[in-house]
Amino acid sequence: MTRRVHHPDAPRFADLVGDIGAARRALASGTVPRTPARPAPDVLAALGTADDLWAEVLERGVRAPGFRVVREGTTLTRSSVTRRAGMGNRSLTDVVAPNRVLEEHERGATVVLQGIHQTVPRLARTTTNLALDLDQRAQVNAYLSPASSRGLD
């Protein structure tokens, strides 16, 4: 039997959306639940900052498909934002090329971190709580868009 236990140190669904009933109805109708007010500062702090997400991209050697770069609704080719790297006797061809990603972001592209709950422990705990509260699988993606543009609708 699987034990279903929430992480007490991570936000839960109600912490993020406020009115659980309204949020469940929105999800059931295929729309995005809206929060009436901004989540509490401690909830936001538990999720991390944009700087934390940039560190994930630029410092940890994320690999595709864990990230992609989108400009005006079109995903750029992997080879335009990745580089080769050696690991043991293997050559990896899908490792983030930080400078190229930053250049594309400066040109207006959005950086998408996909399934980031797999690599960031605090987001993994929050995702587990959401999955338990919703009785559904959950995934966390992050979208880093320049203020002056919109990579995705």
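This one's a predicted model, so the numbers in the text were calculated from it and none came from an experiment.

### A few points about the overall build of the protein chain
In step 1: Of regular secondary structure, the protein chain possesses six helices and six strands.
In step 2: Reading the secondary structure of the protein chain in the N-to-C direction produces α-α-α-α-β-β-β-β-α-β-α-β.
In step 3: For the protein chain, the residues scored as buried account for 35% of the 153 residues in total.
In step 4: Residue pairs at least 24 apart in sequence account for 64% of intrachain contacts in the protein chain once pairs closer than 6 positions are excluded.
In step 5: Carbon and sulfur atoms provide 50% of the accessible area of the protein chain, an area that totals close to 9900 Å².
In step 6: For the protein chain, the distance from the average position of its 21 positive side-chain charges to the average position of its 16 negative side-chain charges is 7 Å.

### Observations regarding helix α4 (residues 50-59)
In step 1: Every buried residue of α4 is accounted for by Leu 53, Trp 54, Glu 56 and Val 57. Buried residues of α4, seen end-on, are gathered within an arc of 150 degrees and therefore sit on one face of the element. Among the exposed residues of α4, those oriented more than 90 degrees off its buried face are Asp 51 and Glu 59.
In step 2: Where α4 is buried, its residues meet β4 (90-96), α5 (98-106), β5 (110-113) and β6 (142-144).
In step 3: N-capping of α4 is provided by Thr 49, with a side-chain oxygen placed 3.3 Å from the backbone N of Asp 51.
In step 4: Following α4 by one or two positions, Gly 61 has its phi on the positive side, about 70 degrees.

### Examining the sheet that holds β5
In step 1: Ordered in space as β2-β1-β5-β6, the four strands form an open sheet in which the pairing is antiparallel. The open sheet has two edge strands with one neighbour each: β2 (74-75) and β6.
In step 2: Strand direction decides the pairing type here: strand β1 (residues 67-71) and β5, joined by four bridges, are antiparallel. By the bridge assignment for β5, Val 70 is matched with Thr 110.
In step 3: Contacts between α5 and the sheet are confined to β1, β5 and β6, with β1 contributing the most and set at about 30 degrees to the helix.

### A word on the confidence of the model for the protein chain
In step 1: Scored by pLDDT, the protein chain comes out at a mean of 88, with 95% of its residues at no less than 70.
In step 2: Considering each helix and strand of the protein chain separately, the mean pLDDT is smallest for helix α2 (residues 20-28), with a value of 81, and largest for α5, with 96.

### Some thoughts on the nonpolar core
General note: in soluble globular proteins, nonpolar side chains tend to be found buried as a group.
In step 1: If you look at the biggest cluster of nonpolar residues, it comprises 20 residues, and the most contacted ones within it are Val 57, Phe 67, Val 69, Val 101 and Leu 113.
In step 2: Every element with two or more residues in this core is listed here: α4, β1, β5 and β6.
In step 3: For this core, the element with the most residues is α4, which contributes three residues.
In step 4: When sequence neighbours within four positions are dropped, the list of residues in contact with Val 69 reads Thr 74, Thr 75, Leu 76, Val 81, Val 101, Glu 104, Ala 109, Thr 110 and Val 111.

### Here we look at the pairing of β5
In step 1: Here β5 shows a buried face lined by Thr 110 and Val 112 and a second buried face lined by Val 111 and Leu 113.
In step 2: Where β5 and β6 come together, three bridges link them in antiparallel fashion. Bridge pairing in β6 places Leu 113 opposite Ala 142.

### Re unusual backbone geometry
In step 1: A cis amide bond links Ala 64 to the next residue, Pro 65, at an omega of 10 degrees.
In step 2: By the element assignment, Pro 65 lies in the loop between α4 and β1.
In step 3: In the Ramachandran plot, Glu 72 falls in the positive-phi region, its phi being about 50 degrees despite a non-glycine side chain.
In step 4: Inspection of the secondary structure assignment puts Glu 72 in the loop between β1 and β2.
In step 5: With relative accessibility at 70%, the residue Glu 72 sits in the exposed group.
In step 6: Positive phi outside glycine occurs at Asp 135, with the angle close to 55 degrees.
In step 7: Here Asp 135 shows up in the loop between α6 (121-134) and β6.
In step 8: Classification of Asp 135 by relative accessible area gives exposed; the value is 54%.

Rules of the game
Residues numbered from 1 in each chain as written. Predicted model: local features only at pLDDT ≥ 70, side-chain atom pairs only at ≥ 80, totals over all residues. Heavy atoms only, no water. Helix = DSSP H or I, 4+ residues; strand = E, 2+ residues; numbered from the N terminus. Buried < 20%, exposed > 50% of the residue type's maximum accessible area, 1.4 Å probe, protein only. Contact = heavy atoms within 4.5 Å. Areas by Shrake-Rupley, 256 points an atom, 1.4 Å probe, with all protein chains shown as cover. Lys, Arg positive; Asp, Glu negative; His and termini not counted. Charge placed at Lys NZ, Arg CZ, Asp CG, Glu CD. Arc of directions from axis to C-beta. Polar contact = N/O pair within 3.5 Å; in protein donor to acceptor, adjacent residues only side chain to side chain. Pairing = 2+ DSSP bridges. Axes fitted to C-alpha atoms, helices over the stretch in contact; angles between N-to-C directions. pLDDT = per-residue confidence, 0-100. Core = buried A, V, L, I, M, F, W, Y, C linked by side-chain atoms within 4.5 Å.

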